[in-house]
Amino acid sequence: MPKDDHITRLDVSAKADGEVTVTVLSSGEAGKDVSISVQGKDGSELGKGSGSSGEAFTFKVDGADAWWPETPNLYNLTVTLGDDEVKSYTGFRTVSSGEVEGVQRHLLNGEFVFQFGTLDQGYWPDGIYTAPTDAALRYDLQAHKDLGFNMVRKHIKVEPQRWFYWADRLGLLVWQDMPAMDTGKTPDGPARTQWEAEFHAVIDQHRSSPSLVMWVDQNEGWGQYDQARIANEVKAYDPSRLVNNMSGVNCCGSVDGGNGDVVDNHIYVGPGNTAPTSTRAAVLGEFGGLGYKVPGHEWSPGNGFSYEDQASTAALNNRFTGLIDAIRVGQLPAGLSASVYTEITDVENEVNGLLTYDRQVVKVDTARVRAANQALVQASENPAPPVTLPTGLYRSLRVTTPGHTDKYVRHYDQLAFTAVVDGSSPAVLKSDATWKVVTGLANGSCYSFESRNYPGEYLRHKDFRVRRDANDGSALFKADATWCAVAGAGGVRLTSANLPGSYLRHIGSEVWLATPGGTHAWDQQALFTEDTTWAVDAPWAP
């Protein structure tokens, strides 16, 4: 039987500096004496505080280790009101935003940590929205950890607090969506009142979990309304977390409220370009969607949907790791702070999962994917500075692949090739192999390469073949002729401005736009990195 006056709810927020804020609600009148004790890992008391029920109070704990995804330190709590005693736990962590080397980033415990996770819709073949066991709740989160992710976006679903316990304990950052209303409809007054009341209830239920770092208010414009007001109210109701006013502001008729802590794009297959602002970090709220059907493990055999089907597990591994590497060397240095891959498991007729719907098959090479994911997250510890090229000057692009380092990019009959160039080469070849580096026609942070002997004509891709064409002034041409420089071993790599993650590559003396894990002959995996790395040398025709 419950006591006459007993604790009904405990809200705890513990910061990385040891500051703990507590609100204890009870079944009786507010204003009763309450106390809280924080125990260390050996059971000793690290700190204690006291206050009144129904009112927030704050105290300080010394010597507590911060909660991180790699070291998810949790501390036991004992809360007392009269003769009622409640046990709980907390983790010490601080979520904020700030400028890091001139770029707006989200911060964990004062440090920029790239957040990389999956879209997790939480479906199950037997219970649909209900996991069969507690072990099943843990399984999907453990799969994230095994694959090297440090975050999960819970999409258009709210899990029971037990799921958050496992995220707290295992060390996974959580973005929590508020389930949306119907897409294509404008909710009426009563619907809005109910939706906002339920949003507050969701926040109250899970606000004490240290793993939860972001509230995602609305998604892709589904039932959208009052985006800015809602984001402000959520931030005021829970200032300890980031707020995303609209995930997928570039998609589906959604309207950006213009506020919150992040700018969130959805780009399939991606990774695309998402730029931060002076006040909001850039995040890729959905991308990927690579599909592979596993016979015997499909919900609707042969009919599954994906954003890009893969012919084999080898192709899936190559394409996935290629996307992740593109973010690491390109989008992260350019300002991206987080990305969400679609998705952790197949869901009914969707076959985008890294695991099958029945959780019986992990489709990807766990060790290889973990290495790529961890390399991405670790790159945020010391982000590479943007690669800069000398605009306004002539340069020649030299091959760095061993055995071919005497070859340069040149044009011939408007197509791009590589050819051996040396001091004895004819003047026309030297001119063909010389390009003027100019500010990118479509992106001022990137570059375009103007022909030395055909001024006004640029190196561009068209149907994947790289060629020299005259600028026709169209947006498509400007994008095709713009290349973003990223770091490469012994040189630079040039990724397409409008197809990020695809690179300028030489193969068989021809020059193509190639995609790691792609299906074309010029996408072959062997020597991909070497073939897409170029030395920017002094010009053959100054």
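Look above for the structure.
Residues numbered from 1 in each chain as written. Predicted model: local features only at pLDDT ≥ 70, side-chain atom pairs only at ≥ 80, totals over all residues. Heavy atoms only, no water.

Things to note about the overall build of the protein
Link 1 in the chain: Helix and strand counts for the protein come out as nine helices and 32 strands.
Link 2 in the chain: For 542 residues, the compact-globule estimate of 2.2 N^0.38 gives 24 Å, and the C-alpha radius of gyration of the protein, at 27 Å, lies within 12% of that figure.
Link 3 in the chain: Along the first, second and third principal axes, the C-alpha set of the protein runs to 95 × 50 × 50 Å.
Link 4 in the chain: Counting every position in the protein, which comprises 542 residues, the buried fraction comes to 56%.
Link 5 in the chain: When contacts within the protein are restricted to residue pairs at least 6 apart in sequence, those whose partners lie at least 24 apart make up 59%.
Link 6 in the chain: Accessible area for the protein stands at about 21,600 Å²; split by element, carbon and sulfur atoms hold 50% of it.
Link 7 in the chain: Between the mean site of the 46 positive side-chain charges and the mean site of the 67 negative ones, the protein shows a separation of 6 Å. (Helix = DSSP H or I, 4+ residues; strand = E, 2+ residues; numbered from the N terminus. Rg over C-alpha atoms; globule rule 2.2 N^0.38 Å. Buried < 20%, exposed > 50% of the residue type's maximum accessible area, 1.4 Å probe, protein only. Contact = heavy atoms within 4.5 Å. Areas by Shrake-Rupley, 256 points an atom, 1.4 Å probe, with all protein chains shown as cover. Lys, Arg positive; Asp, Glu negative; His and termini not counted. Charge placed at Lys NZ, Arg CZ, Asp CG, Glu CD.)

Structural notes on the pairing of strand β9 (residues 103-108)
Link 1 in the chain: Of all the six residues making up β9, six are buried; the element is thus mostly covered by neighbouring parts of the structure.
Link 2 in the chain: Covered by surrounding structure in β9 are Val 103, Arg 105 and Leu 107 together with Gln 104, His 106 and Leu 108, the residues of both alternating faces.
Link 3 in the chain: As paired strands, strand β8 (residues 95-100) and β9 are joined by six bridges and run antiparallel to one another. Each residue of the ladder has a partner; that of Val 100, found in β9, is Val 103.
Link 4 in the chain: Between β8 and β9, which pair antiparallel one after the other, the connecting turn spans two residues, and Glu 101 there sits at a positive phi close to 50°. (Pairing = 2+ DSSP bridges.)

Concerning the state of the cysteines
Link 1 in the chain: Going through the model one piece at a time under the given rule, you end up with two disulfides.
Link 2 in the chain: Between Cys 251 and Cys 252 runs a disulfide, and the two sulfur atoms are separated by 1.9 Å.
Link 3 in the chain: A residue is classified by how much of its surface remains accessible, and Cys 251, at 17% relative accessible area, is buried.
Link 4 in the chain: Residue classification places Cys 252 among the exposed positions, given a relative accessible area of 53%.
Link 5 in the chain: Here Cys 446 pairs with Cys 484 through a disulfide, and the sulfurs are 2.0 Å apart. Classification of the bridge connecting Cys 446 and Cys 484 rests on its S-S torsion, roughly 85°, and on that basis the disulfide is right-handed. You can see Cys 446 sitting in the loop between β24 (435-439) and β25 (447-451) and its partner Cys 484 sitting in strand β28 (residues 483-488), a full 38 residues away along the chain. For the pair shown, Cys 446 and Cys 484 are each scored as buried. (Disulfide = S-S within 2.5 Å.)

Here we look at the packing of helix α5 (residues 313-334) against helix α6 (residues 366-379)
Link 1 in the chain: Running from amino to carboxyl end, α5 crosses α6 at an angle of 10°, the nearest separation of the two axes being 10 Å. Between α5 and α6, the crossing angle belongs to the class labelled roughly parallel. Contacts between α5 and α6 involve Asn 317, Asn 318, Phe 320, Thr 321, Ile 324, Asp 325, Ile 327, Arg 328 and Leu 332 from the first element and Arg 368, Val 369, Ala 372, Asn 373, Ala 375, Leu 376 and Ala 379 from the second. (Axes fitted to C-alpha atoms, helices over the stretch in contact; angles between N-to-C directions. Parallel < 35°, antiparallel > 145°, perpendicular 65-115°, else oblique.)

Topic: helix α4 (residues 227-237)
Link 1 in the chain: Looking at α4, one finds that the buried residues are Gln 227, Ile 230, Ala 231 and Val 234. One face of α4 carries all of its buried residues, which in axial projection span an arc of 100°.
Link 2 in the chain: Tucked inside the fold, the buried residues of α4 contact α3 (189-206), β14 (212-216) and β15 (242-244). (Arc of directions from axis to C-beta.)

Focus: the packing of helix α1 (residues 134-146) against helix α2 (residues 161-170)
Link 1 in the chain: Between α1 and α2, the shortest axis-to-axis distance is 9 Å and the interhelical angle comes to 35°. Viewed along their axes, α1 and α2 form a crossing whose handedness is right-handed. Only Arg 162, Trp 163, Trp 166, Ala 167 and Leu 170 of α2 make contact with α1, whose side of the interface consists of Asp 134, Leu 137, Arg 138, Leu 141, Gln 142 and Lys 145.
Link 2 in the chain: When its residues are assigned to classes, the contact of α1 with α2 shows six nonpolar, one polar and four charged. (Left-handed = near helix turned anticlockwise from the far one by under 90°. Nonpolar A, V, L, I, M, F, W, Y, C, P; charged D, E, K, R; others polar.)

Focus on the nonpolar core
Link 1 in the chain: Of all hydrophobic cores here, the largest spans 49 residues; its most connected members are Phe 116, Trp 175 and Phe 320.
Link 2 in the chain: Grouped together as the second largest cluster of nonpolar side chains are 28 residues, Leu 137, Val 152, Trp 166 and Met 181 included. (Core = buried A, V, L, I, M, F, W, Y, C linked by side-chain atoms within 4.5 Å.)

Digging into the sheet that holds β9
Link 1 in the chain: Here we have three strands laid out as an open sheet, ordered β8-β9-β10, and antiparallel in their pairing. The open sheet terminates on both sides in strands that have one partner only, identified here as β8 and β10 (111-112).
Link 2 in the chain: Pairing between β9 and β10: two bridges, direction antiparallel. Within β10, the position partnered with Leu 108 by the bridge is Glu 111.

What to know about the side chain of Thr 515
Link 1 in the chain: Within the secondary structure, Thr 515 sits in the loop between β31 (510-514) and α9 (528-531).
Link 2 in the chain: Other than its neighbours up to four places away in sequence, Thr 515 contacts Arg 319, Gly 501, Ser 502, Asp 523 and Phe 528.

In short, the description is geometric, and any link to function would need to be established separately.
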